[in-house]
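Inside the fold
Listed below are the residues making up each chain.
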2 protein chains.
Amino acid sequence: MATIEDVAKAAGVSASTVSYVLSGKRSISAPTRRRVEQAIATLGYRPHAGARALASSRTNVIGLMAPLRSGVDVSVVMQFVTGVVTRARDVDHDVLLLTQDDSGGLERVAAGSMVDAIVVMDVEADDPRLPVLRALRQPTVLIGLPHDPAGLSCVDLDFEAAGRLGAVRLAQEGHRQVALVGSPPEVMDRHTSYADRVVRGFRQGCDEHGVRHVVVPCEPTPDGARRAVDAVLADAPGTTGLVVHNERALPHVLAHLAERGHDVPGDAAVVAICPTDVALAQRLPLTSIDIPGELIGGVAVDMVMARLGGDQPAETRLIAPELTARASTAAREV
Amino acid sequence: MATIEDVAKAAGVSASTVSYVLSGKRSISAPTRRRVEQAIATLGYRPHAGARALASSRTNVIGLMAPLRSGVDVSVVMQFVTGVVTRARDVDHDVLLLTQDDSGGLERVAAGSMVDAIVVMDVEADDPRLPVLRALRQPTVLIGLPHDPAGLSCVDLDFEAAGRLGAVRLAQEGHRQVALVGSPPEVMDRHTSYADRVVRGFRQGCDEHGVRHVVVPCEPTPDGARRAVDAVLADAPGTTGLVVHNERALPHVLAHLAERGHDVPGDAAVVAICPTDVALAQRLPLTSIDIPGELIGGVAVDMVMARLGGDQPAETRLIAPELTARASTAAREV
DNA sequence: ATGAAAGCGCTAACAT
DNA sequence: ATGTTAGCGCTTTCAT
């Protein structure tokens, strides 16, 4: 492998000049720059990442903790991951992937100076990783919103507003009894940030509009969906509207409604909180509130880079939800 | 951050002794080892990854190029990724995530010495990355099987055998006219390694058993599945058995069969080639040939690590497919 | 506008 | 069994 010294020699300059050509941190005369670039090209020179990190304390790598816990939909996770990786490349960074949800991994990559910054997904209300993250010298962004985000930057869809929006929409369309078919029980039990927030927003929206409601968690399986739908119909027989926040259960919920003879949207309106492509891949195109994973992943990178640059304070950004009406809802005749 | 020098001082030894305690590359007396470990613990010392990489030419990072592109089922991809990351951690490595459309990514991380080894997923028959990979000094393992794997190690499910196995099973159960509902058209068109091989094996299996057959690609949408099923039933009305190799289309294929009044397995038997959890998450548990993604990902890491150690030659490993009979097939009455 | 030189923190000969 | 020392390949003062 060619080193910076080889390049310098070939271009008839010093190593530091090559370094400055590469970094742009000082002005270089046009002819010099040209010779250096020429030399770099012909030698196929690439700076050694480790040497660079050692000398500059910058790795140009972002750590991404994407735990693949049970109950979370991997395809949704991947949209966030894609957003992070894509935006990271835009700002000349690579991504180191951590999938274990232990704080050991965080400390290893952070204290070992493997990464410049860290993005953490799948945050819980009282996430045990928070104290660890607060202690790191690398800036951190959470995708999600814990109880106490003090000192940490956060970004996410405003899931509370999304839950409320779903409820309010159903209320406005004339439904008086609705249900939230939510995340799998284990996700709820962990108090995964987004699950908690959707429930809270949904309840508030219903209460504000005097709409009766029930909330049921839902296993992402055919049987789980059957049980959830049956539970709703048993506990609250007058239910005519559903907010479903569970990508994998969605097809089964729809299938079971059909099986029980409930027409959508005639007998039961459905508002899905899910990525748009999921809403469009169902048996009928669903009215939905998009989860813009790629966007959010990209914003997470922007935020973390901003904090890397200056000494910006931590900040929380919640993306406003947007509802797109499709074939699974319709104004109710009175 | 504490350095190795700090630790050495605290333990009353030289830096190299600390290094050797950490690496185990020479024997250390029990008392010395204890003092060093004590110092490491109290100082919270972590070796600087860059410094280590610079001095040792080892990063303890594996590069993983994973597809985040259209047509591939991300949940299947994630199983492979999980296998890679999990096994990598077992052998004390981290994973740097590269995406397919990051064309220069391989050269960047390889020439920049960011990774010790590379695992590449979603390989095409004539993958344009092959020449690049052959030129790298880091060992590489492909998950998939290109036309000409010369010089590169490969590991994958034996998809050709899987395609054949599906066909043969249907033949043995008495079907005389069968169909393969395959990968999405764009995956076929790219000649993605696994798609090609399934088709080839399926055809061979049918031919060997004198079974008539058709092959249709299938968009992973409700409409796509409808079109695929309709095409099969139009072109080959006597079709009674289906091999489906398309995770996302699977539920829609089953739904459309039901809609057209075809009972499974009575009127149409279905053998799915997909991860077992996908086969079990359908409306009825499917007879399936498992795609053991985690296993294969782990094996990929083992292979690449083996090549890192010694100077093993490149090798190709194909995992034999196994069919598990469930509710979607049944011996045919004659 | 460019060069010289001092590290960055570690590993691995080479000593003893 | 342990210490000494020469780099690994960069970045970045400090000079000029």
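Here is what the cut-offs are and how they apply
Residues numbered from 1 in each chain as written. Chains lettered and ligands numbered in written order. Predicted model: local features only at pLDDT ≥ 70, side-chain atom pairs only at ≥ 80, totals over all residues. Heavy atoms only, no water. Near = heavy atom within 4 Å. Polar contact = N/O pair within 3.5 Å; in protein donor to acceptor, adjacent residues only side chain to side chain. Helix = DSSP H or I, 4+ residues; strand = E, 2+ residues; numbered from the N terminus. Nonpolar A, V, L, I, M, F, W, Y, C, P; charged D, E, K, R; others polar. Buried < 20%, exposed > 50% of the residue type's maximum accessible area, 1.4 Å probe, protein only. Pairing = 2+ DSSP bridges. Right-handed = clockwise from strand over helix to strand, strands pointing away. Contact = heavy atoms within 4.5 Å. Buried area = accessible area lost by both parts, 1.4 Å probe. Salt bridge = Lys/Arg side-chain N within 4 Å of Asp/Glu carboxyl O.

Where an unreviewed UniProt entry is consulted, chain A appears under the name LacI family transcriptional regulator, with the organism given as Isoptericola peretonis.

Some words on the protein's contact with DNA strand D
Neighbouring DNA strand D are 28 residues; Ile4 and Tyr20 of chain A together with Arg26, Ser27 and Thr32 of chain B lie closest to it. In the model, a phosphate oxygen of DNA strand D is placed 3.1 Å from a nitrogen or oxygen of the lysine 25 of chain A side chain. In this structure, a phosphate oxygen belonging to DNA strand D sits 3.0 Å away from a side-chain N or O atom of tyrosine 45 of chain A. When contributions to the surface near DNA strand D are tallied by element, the ones reaching two or more residues are α2 (15-23) and α4 (49-56) of chain A together with α2 (15-23) and α4 (49-56) of chain B. With five residues, the single largest contributor to the surface near DNA strand D is α4 of chain A. Across the surface near DNA strand D, the residue classes break down as 11 nonpolar, 12 polar and five charged.

Focus on the pairing of strand β9 (residues 269-273) of chain B
All names here are of chain B. Of all five residues in β9, five are buried, a share of seventy percent or more. Burial of the side chains of β9 extends over both faces: Ala269, Val271 and Ile273 are buried on one face and Val270 and Ala272 on the other. Sheet analysis places strand β8 (residues 241-244) next to β9, joined by four bridges and oriented parallel. From the neighbouring strand, glycine 241 faces β9, where its bridge partner is alanine 269. Tracing the backbone out of β8, into helix α12 (residues 250-259) and back to the parallel element β9 gives a crossover that is right-handed. In this structure, β9 lies alongside strand β10 (residues 287-289), joined through three bridges in parallel fashion.

What to know about the interface of chain B and chain A
If you look at the interface, chain B gives 38 residues, while chain A gives 38 residues. Across the chain B/chain A interface, buried area totals approximately 3400 Å², and carbon plus sulfur atoms make up 67% of it. Together, Arg46, Met78 and Leu97 of chain B form the three largest contributors to the area buried by chain B at its contact with chain A, with a combined 16%. On the surface where chain B and chain A come into contact, there are three salt bridges. Measuring nitrogen to oxygen at the nearest pair gives 3.6 Å for the salt bridge that ties aspartate 102 of chain B to arginine 89 of chain A. Those elements giving two or more residues to the side of chain B that touches chain A turn out to be α4, α5 (74-90), β2 (94-99) and α6 (105-111) of chain B. Broken down by element, the residue count for the side of chain B that touches chain A peaks at seven residues, all from α5 of chain B. Its residues placed into classes, the side of chain B that touches chain A shows 21 nonpolar, nine polar and eight charged.

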